[in-house]
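# Chain and residue survey
For reference, the chains in residue letters:
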Amino acid sequence: MRLRVATVCVLLSPFLAHCGGGGFSTLFGGVLDGGAPAHRVSTNTRDAGAAAGLVSQYRSSKGLSPVVADATLNRAAEVQARAVAEAGSLSHGQFASRMSSFGINGYSAENLVAGSQTIEQAIVRWKNSPGHNQNLLMPEARRIGIAYAASPGAGYEHYWVMVLAQ
């Protein structure tokens, strides 16, 4: 089996974000202070079903199979959503190791976004970014996981992670 690792960092939004270590730069050139302490970050996966529906509709319009929300992928996404909210920095971290630790083998990809307040906004941004869109339209994808992390008053405050897999 082959493993597909996606480390796409292009974001189209009012904010410009850098994946990896650096801080966030706003459109005005300022640097935000980073993430939130662990006790101030909350996460949830309650939008997974809605996300699966939106992504399935989009994929179907392109002649691809639908996806279903998957509890294991939700947990994998939630781990990374918490990590990026606490760090205040978008990073895929050790994606392949994280997928392996959740028993996710074969094709997989991950999309990250910061600053979007709703899953609908996050998906629109991913569609408008060539690399993220490629992940949404990955032919091998059958399952997705979605997680949201909130860090009130720190960083971008809103972080989304989507994991797609066979």
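Residues numbered from 1 in each chain as written. Predicted model: local features only at pLDDT ≥ 70, side-chain atom pairs only at ≥ 80, totals over all residues. Heavy atoms only, no water.

## Overview of the overall build of the protein chain
Looking only at helices and strands, the protein chain has five helices and five strands in total. For the protein chain, the N- to C-terminal ordering of α and β elements is β-α-β-α-α-β-α-α-β-β. Counting all 166 residues of the protein chain, 46% fall into the buried class. Taking as baseline every contact in the protein chain between residues at least 6 positions apart, the subset at least 24 positions apart corresponds to 73%. For the protein chain, the exposed area adds up to about 7400 Å²; of that, 54% sits on carbon and sulfur atoms. (Helix = DSSP H or I, 4+ residues; strand = E, 2+ residues; numbered from the N terminus. Buried < 20%, exposed > 50% of the residue type's maximum accessible area, 1.4 Å probe, protein only. Contact = heavy atoms within 4.5 Å. Areas by Shrake-Rupley, 256 points an atom, 1.4 Å probe, with all protein chains shown as cover.)

## A few points about helix α1 (residues 48-61)
Along its 14 residues, α1 runs 20 Å from first to last C-alpha, staying within 8% of the 20 Å computed at 1.5 Å per residue. Ala48, Ala51, Ala52, Val55, Ser56, Tyr58 and Arg59 are the residues of α1 that are buried. Buried residues of α1, viewed axially, fall in a sector of 165°; they line one side. Looking at α1, the residues exposed on the side facing more than 90 degrees away from the buried face are Gln57 and Ser61. Among the structural elements, β2 (68-69), α2 (71-87), α4 (119-127), α5 (130-136), β4 (143-150) and β5 (158-165) are those in contact with the buried residues of α1. Two residues or fewer after α1 comes Gly63, characterised by a positive phi angle close to 80°. (Expected span 1.5 Å × (residues − 1). Arc of directions from axis to C-beta.)

## Let's talk about the confidence of the model for the protein chain
Per-chain confidence: the protein chain averages 79 in pLDDT, with 75% of residues scoring 70 or above. Predicted confidence for residues 1-33 stays below pLDDT 50, and this span has 77 contacts to residues more than four positions away or in other chains. (pLDDT = per-residue confidence, 0-100.)

## Description of α2
The end-to-end C-alpha distance of α2 is 24 Å, a good match for the 24 Å that 17 residues give at a rise of 1.5 Å each. Along α2, the positions that sit buried rather than exposed are Leu73, Asn74, Ala76, Ala77, Gln80, Ala81, Val84 and Ala85. Axial view of α2: buried residues confined to an arc of 165°, hence all on one face. Buried positions along α2 lie against α1, α3 (95-101), β3 (108-114), β4 and β5. Capping of α2 at its N-terminal end is provided by Asp70; its side-chain oxygen lies 3.0 Å from the backbone amide nitrogen of Thr72. Phi turns positive one or two residues past the end of α2, at Gly88, with a value near 70°. (Polar contact = N/O pair within 3.5 Å; in protein donor to acceptor, adjacent residues only side chain to side chain.)

## Quick word on the pattern of salt bridges
In total, this model carries three salt bridges according to the counting rule given. The partner of Glu86 in a salt bridge is Arg82, and the shortest N-O contact between them spans 3.3 Å. With Glu86 and Arg82 both in helix α2 and four residues apart, the pair spans about one turn of that helix. On the basis of relative accessible area, Glu86 is assigned to the partly exposed category, the value being 31%. Residue class for Arg82 comes out partly exposed when judged on its relative accessible area of 28%. Between Glu110 and Arg98 there is a salt bridge; the shortest N-O distance is 2.8 Å. In this pair, Glu110 sits in strand β3 while Arg98 sits in helix α3, placing the two residues 12 residues apart along the sequence. In terms of burial, Glu110 and Arg98 fall into one category: buried. (Salt bridge = Lys/Arg side-chain N within 4 Å of Asp/Glu carboxyl O.)

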